[in-house]
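Structure assessment
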Amino acid sequence: MSWDDKLLKQAKKIIKLYPQKRSALGPLLHLAQSKDGYISDDSISVISELVGITEVQVKSVSTFYSMYKQEPTGKYLLSVCKSISCEINNSSEVINKVQEFTGLNNNETDEEELFTFEAVECIGACGGAPALQVNYETVEGVTPENAINLCKWLKEIKPDVVVADEMQENFGGIKSFDWAIQDNSGATSTAPGFQTLKTTKVKK
Amino acid sequence: MSEKVNLNVNGIEIESDPNKLLIEACEESGIHIPRFCWHKRLDPVGMCRMCLVEVETPRGKMLVPSCTTEVSDEMVVDTESDVVKKAQEGVLEFLLINHPLDCPICDKAGECPLQDQTMAYGPGESRFVEEKRHFEKPINISEIILLDRERCILCARCTRFSDEISGDPLIEFIQRGNKTEVNTFPNEPFKSYFSGNTVQICPVGALTSTSYRFKARPWDLKSTRSTCNGCSMGCSIELNSSQNKMLRILGVDNDAVNQGWLCDKGRYNFEYLNSNSRLKTPLKKIDNESVEIEIQDVYSELAEVIKDRQTKVNFLLGSNLTNEDYVAFREFSEIISQSEKSFYLNDDKLHPGLFGENVDLAKVDDLNSSDAIVVWAEDLKEKIPVLYLRIRQAVKNGVKLVVFGHTNETLSDIADVFYGKETVSENFEIVKDISKLKEIKDLVIGKNITAILGKSTPHQSDTSVTKLFEFLNSNSNSKVLNAYSKGNTYGAFQTLENVKGLNDFVNDISEENTDLLFIVGADPVGRSVYSNQIKSIIEGLDTVVALDNFNHETSELANFLIPMSSTLGEKEGTFTNIEFRTSRIDKLVPSPGQTVSDWEFITSLMNFAGLTVETNSLESLNKKAYENLDSSLSPVFDNLDKPSNLDGMVNVSKPKISSSDNNSNEAKFFIGEKLYGDSTTERHSDSISLLGSKKYIEVSEGVVEKYNLTSGKCTLIQDELEVTVSYEVNKSFPNDLIYIPTNRRELNKFDFSREIIITPSQVKEALNVN
Ligand code: SF4
Ligand code: SF4
Ligand code: FES
Ligand code: FES
C-alpha cells in the first residue's frame, strides 16, 4: 500500500464513522485528493481494499464528481465562478484577468505546479458575486484588480494554509452573510478543509 | 396466492399479480413495450427511458417509465398514444446522437434491439449535425471480450450483471454526462467466469466476443436448442451455426435451471469442434505405431473378440455421453456377459452420495425457498458455475448461507458463516461437535435447509459428510442436493445399474477380469489423481478400445481409437442434470470425417458380431432409457419435444453407486480443479486456452514458512517427477494444507498418498543478481 501509516490510521477512523464501510468512500477520496492533489490510481487501489469494493467501482465514483481531480493540481486551485449571478457582476473580467496572470486555460496547471485554474458553476456565494475559491476557501466581491492581487500574494507568500476570512479581508468586497464568527482555519491542499479529515489547519 | 390486480392497458382489461412491474405485466398479457435497459433478471434502473408509457394519475396523464412503475389496481395505461410515440421518437433520436451507426461492420446488426426499435419506433431522421463523440474502436477489456464504447448506449445491463448476478464488478461507468463510458480499471481486466453473458445481454454491438466476432451474420445462422454438458447443471443453450460450422452458444432462459446465464466455459468450450487436430479416422495400434484403419475392419476385428459372448468386458465411461449412449453400453454388456456388470465413471471423487430412504432430494429452485443453504462440496464456482449463481441469487433474496471450508472460499464473501480451519481439519473432517456450533444453532436448527453435499477432494472420507447430513436431517427440515459436478453424471446414475469411480477401477481391474476395455470420452491418465496406476493397468490389458474426440494421454494407449462425434451439436440424445431434470441434446452440425456417436458404434459392433438387439436406433435407446418410468412423465423424445417440456422433465431416481471410500491421504493435499484447465478440448478452444491454466498451487502460511518460500515460485519433486509452479498463499488454510489443481498437465501425476518435496525456486533471486 502506498499510504503511510498516519494516513491509513486517519482513513480507518473515517471508516468507523459509517455503518457500512463503503459509505466512507467520499471522505476517503478527499483524503486521497489532499495527499497527492488528485486521485491517483494508487490511492484508488488502497481505498478499494479499505472499503471492500472493486477498484473500478471506486474509480466510477471518483470520476463522477468533478471535485475529485483526475490529474495533479497545483498548490492552489483557483476556481472562479462563471454562473449567472457572478456573470452579471462582471465575473468574465475576473476570469480573464486570472487567466492572463496565470497564463492558464480552463483546467490547466502551470509548470511550477503552483496554480490550477478552473471556471466553475455557482459556488453558493451569489449574494457576494462575483466570487472565487482558492482551494475551496471562498472569497466574495472580488474585483478583477483584487483577483490579480490575490494571485500575486499567493505566488509571493505561498501560504501553506489558505484561510477564507483572511483572503476576504485583504482581497474581497461585499459578502453574502456575515457569520460573525472568526474562523482562523483554512485548507491545506486542493481538497476542501474538513476537520474530521484533517485537511484543515488553524493559521497562527 | 395474493389477490390479482386489474388494469386497463390500451383499452383492454388485463390482470396481473400485485407488485409486478408494468412492463412485465404488459408483456405477460401480450402487450410489448420497447426497452433497452430493462432485463427480466436484473434490477430495474430506468436508465434509457425507452419504455415510457402514459398513465392516468389524479393530476392527469403522465409519462412514466414502465420498467420502474409497479402495477396497481384500476390503473389506466396507454402504451401507444401520440404522446408515447413522440417520447419514443425523442428517446431514440437522443440515443442515436452519439451512436456511430456502423451497422455494416457490427456483429449485432440483424439482431440488434437498437436497430429493430429504431425501425419500429424511431423518428426516421436525425436533426443532429454536430460531431459525434469518439472513442478508440474496440478495446480489449479481457482476453475474450471487446468493448466498443462508441456503440454503447449506457443501459447499464453489463455493469448490473457483473455487480448483481456474478458478483465480480470489474466493469463500471467511468466519468459523467456526455463523457460517460463503460470501462475497467487500468490493468484490472474483466476477468469473470461469466463475462460472456454481458455480450449476450448488451442491447447493441458494444460488447462483442473474440470468439464470434466477424464470423457470421445473424440471418445466416441456423440454430437449435440443446443442453450444455459442461457440468452437471445442464444449462439450456441455443446452438448457432453457419455453413455447417458451430459458431456460437447462447444461454436460454430456463427458469428452473440457468435463467439465461451460462459460464464462459460452457459458452466458449465448443471451439474445439472446428479444430484440425480432431480425430477423424479410426486408428489401430500396430507395433506401437498408430495406423489408419477402416471402421468396418475395426468392427470385424472386435466382433471376433466378442463373438463367443464369454469375453470379459469392462467400461470406463466419461461424463460427455448422452443417456442413450449409456444405455447402448448397458445393453451391450448385458448381452455379452451374464454376470452383473459394473460401469466405471471417469471420476476420482465418486462417492456413494446421499440417496437413502431418509433423504429428501432437493431441486435447484429449493435454494430460493429455504431458510438457509449449507454447503460442503467441491468449489461450486469452479465446478458448477451456474449453480454458484443460483446460490448468489438465493442469498440476495435473504436466504442464509453456511459454508464449510476449505473449498468454496469463493462463496465465503457472501456467506453468513464460513467454517474454516478451526472447524475443518486438513483431512477435511469436521473436528468440532456440530451441534455446538453457535451459528448452526441459530441458522439451521428447526429451519428449512437445502444442503449441497459432496466430496471436496478425492481422498476425503465420507464420514464427515455423512455426519453433517445426519445432523441436518435430525435437526432441521432438510433437502439434499448431491454435488456431483461432472457433465452427465446423473444421466449415468439414471441409466446404469451399478456405477463405480476411478479408485474402484484401480482396485478392481486387472488382466484376469478384463479381456476388453472400452474407454469412452475419458482421459484419466491425463486428468485424474490415479493417473499412474490407471496407465499401468491399461498397458497390461489385451484389447483396449477408446472412443474420443482427440488423441490424448489415455486414448493413445488404446489398441483401437475411434473418432467420436461431440455431444455438443453433433448428435441427438438426452441429458440429466443435478436435480434429475432430463432435457434434449440436439444436433446442429454434421459430425466430421468418420466420427460416430458412441451408441452408433456399439450397436454397429453388435450387428457385426451377429448379436441381435432390439435397441438398434436412437429412438429405441431413448425409450429403453426410461422404460421404468410412467410413460406420460418420462423424458422420451416425444414428451421432451412438447413445448411445455422444453425446459426438461424431472424424474428423481435413486442411483446405485457402489464406490468404496478412499481416505489414504496422509500427506495433507487438497486436490481440486479450477474451471479452466488444459484438457484436450480446452486446449483446442482458443477462447478457453487464452483464459489460462497456469500451473500454480495454493499453500497455507505454515507451508511458506516450513519450506522457506520467498520467490513466488517453487518446485514440487517426487521421484523422477519435477514440476515448477507458482504458489499463492491462502491464509484460511490450516497448517500444512496444500491445494493442487489437477486439471493441469503433470500436476496430477504425483502420488498424493506420499510426501512431495517442495523446494523454493531461485528464479527471482537469480534475476536480481544481474
Ligand atoms: S456496453 Fe452494452 S450492456 Fe453495457 S452499458 Fe453499454 S450498451 Fe449497455
Ligand atoms: S454451468 Fe455447467 S452446464 Fe452451465 S454453462 Fe457452465 S459448464 Fe455448462
Ligand atoms: S453564481 Fe457565482 S456564486 Fe452563485
Ligand atoms: S427500459 Fe425502462 S428506462 Fe430503460
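This part takes up the nonpolar core. Residue and element names in this part refer to chain B. By size, the foremost hydrophobic cluster in this structure holds 172 residues, and its most contacted members are Phe-518 and Phe-601. Once you skip the residues sitting within four places of it in the chain, Phe-601 turns out to touch Ile-295, Val-298, Tyr-299, Leu-302, Phe-518, Val-545, Leu-547, Ile-562 and Val-596. With 43 residues, the next largest nonpolar core counts Val-544, Val-703, Leu-716 and Ile-758 among its residues.

Right, let's get into unusual backbone geometry. Negative phi characterises most residues that are not glycine, and trans characterises most peptide bonds. Looking along the chain, the bond that leaves A:Ala129 and enters A:Pro130 is cis, with omega of -5 degrees. Within the element layout of this structure, A:Pro130 appears in the loop between β3 (115-120) and β4 (131-134). With an omega of 5 degrees, the peptide bond between B:Gly405 and B:His406 qualifies as cis. Checked against the element boundaries, B:His406 lands in the loop between β19 (400-404) and β20 (417-419). Positive phi values are uncommon outside glycine, yet B:Asn244 reaches one of about 65 degrees. Inspection of the secondary structure assignment puts B:Asn244 in the loop between β12 (236-242) and β13 (245-251).

Attention shifts here to the domain arrangement of chain A. Split into domains, chain A comes out as domain 1 (5-64) and domain 2 (76-187). The centre of domain 1 of chain A, based on its C-alpha atoms, is set 28 Å off from the matching centre of domain 2 of chain A.

Quick look at the site of ligand 1 now. What surrounds ligand 1 is a group of 13 residues, the closest being B:Cys152, B:Cys155, B:Ala156, B:Cys158 and B:Cys202. Looking at the shell around ligand 1 residue by residue, the class counts come to twelve nonpolar, no polar and one charged.

Next up on the list: the interface of chain A and chain B. Taken together, the contacts link 14 residues of chain A with 14 residues of chain B. In terms of surface lost to chain B, no three residues of chain A exceed A:Val56, A:Gln57 and A:Phe64, which account for 40% of the buried area on that side. Counting across the interface, chain A meets chain B through zero salt bridges. At the boundary of chain A with chain B, the tally comes to five residue pairs in polar contact (both at pLDDT 80 or more). For the side of chain A that touches chain B, the secondary-structure elements that each account for two or more residues are α3 (41-51) and α4 (55-64) of chain A.

All names here are of chain A. The end-to-end C-alpha distance of helix α6 (residues 91-102), which contains twelve residues, comes to 16 Å, matching closely the 16 Å that a straight helix rising 1.5 Å per residue would cover. Those residues of α6 lying buried are Ser-91, Val-94, Ile-95, Val-98 and Thr-102. Relative to the axis of α6, the buried residues are bounded by an arc of 100 degrees and lie together on one face. Taken from the residues just after α6, Gly-103 is the one with a positive phi, measuring 70 degrees.

Let's shift gears to the pattern of salt bridges. Residue and element names in this part refer to chain B. All told, the structure shown has 54 salt bridges over all chains when counted by the stated rule. Salt-bridge contacts for Lys-674 lead to Glu-382; the nearest nitrogen and oxygen are separated by 3.3 Å. Of this pair, Lys-674 sits in the loop between β30 (669-672) and α21 (680-683) while Glu-382 sits in helix α10 (residues 380-383); the two residues are 292 residues apart in sequence, bridging distant segments of the chain. Take Glu-382: its relative accessible area is 7%, and that puts it in the buried class. The network of salt bridges with shared partners includes Asp-102, Lys-137, Asp-148, Glu-150 and Arg-151.

Let's shift gears to a nonpolar patch on the surface. Residue and element names in this part refer to chain A. On the surface, a nonpolar cluster with roughly 440 Å² of combined accessible area is contributed by Phe-177, Trp-179 and Ile-181. Within the secondary structure, Phe-177 sits in the loop between α8 (164-171) and β6 (185-187). Among the residues examined, Phe-177 registers a relative accessible area of 56% and is labelled exposed.

All names here are of chain B. As summarised here, the arrangement of the five strands in space is β20-β19-β18-β21-β22, forming an open sheet in which the pairing is parallel. Either end of the sheet is taken by a strand with one partner, and the two such strands are β20 and β22 (477-482). Sheet twist, expressed as the average angle between the axes of neighbouring strands with direction ignored, equals 15 degrees. Of the strand pairs in this sheet, β19 and β20 are connected by three bridges, and their pairing is parallel.

This next bit is on the packing of aromatic side chains. Residue and element names in this part refer to chain B. Tallied over the full model, the rule gives 31 aromatic pairs over all chains. Centroid distance Phe-428 to Phe-670: 5.0 Å. Interplanar angle 70 degrees. Geometry classified as edge-to-face. Of the two residues, Phe-428 is situated in the loop between β20 and α12 (438-443) and Phe-670 in strand β30; the sequence distance between them amounts to 242 residues. Ring-pair connections join several aromatic residues into one group, and the members of that group are Phe-315, Phe-329, Phe-332, Phe-343 and Phe-518. Directly above the ring of Tyr-193 sits Lys-381, whose terminal nitrogen or CZ lies 5.8 Å from the centroid. Across the ring face of Tyr-696, the terminal group of Lys-694 is positioned such that the distance to the ring centre comes to 5.5 Å.

What counts, and where the lines are drawn
Residues numbered from 1 in each chain as written. Chains lettered and ligands numbered in written order. Predicted model: local features only at pLDDT ≥ 70, side-chain atom pairs only at ≥ 80, totals over all residues. Heavy atoms only, no water. Core = buried A, V, L, I, M, F, W, Y, C linked by side-chain atoms within 4.5 Å. Buried < 20%, exposed > 50% of the residue type's maximum accessible area, 1.4 Å probe, protein only. Contact = heavy atoms within 4.5 Å. Helix = DSSP H or I, 4+ residues; strand = E, 2+ residues; numbered from the N terminus. Domains from an automatic or database assignment. Near = heavy atom within 4 Å. Nonpolar A, V, L, I, M, F, W, Y, C, P; charged D, E, K, R; others polar. Buried area = accessible area lost by both parts, 1.4 Å probe. Salt bridge = Lys/Arg side-chain N within 4 Å of Asp/Glu carboxyl O. Polar contact = N/O pair within 3.5 Å; in protein donor to acceptor, adjacent residues only side chain to side chain. Expected span 1.5 Å × (residues − 1). Arc of directions from axis to C-beta. Patch = residues over 30% accessible without salt bridge, like charges linked within 9 Å, V, L, I, M, F, W, Y side chains within 5 Å. Areas by Shrake-Rupley, 256 points an atom, 1.4 Å probe, with all protein chains shown as cover. Pairing = 2+ DSSP bridges. Axes fitted to C-alpha atoms, helices over the stretch in contact; angles between N-to-C directions. Phe/Tyr/Trp six-rings, centres within 6.5 Å; stacked < 30°, edge-to-face > 60°. Lys NZ or Arg CZ within 6 Å of the ring centre and 35° of its normal.

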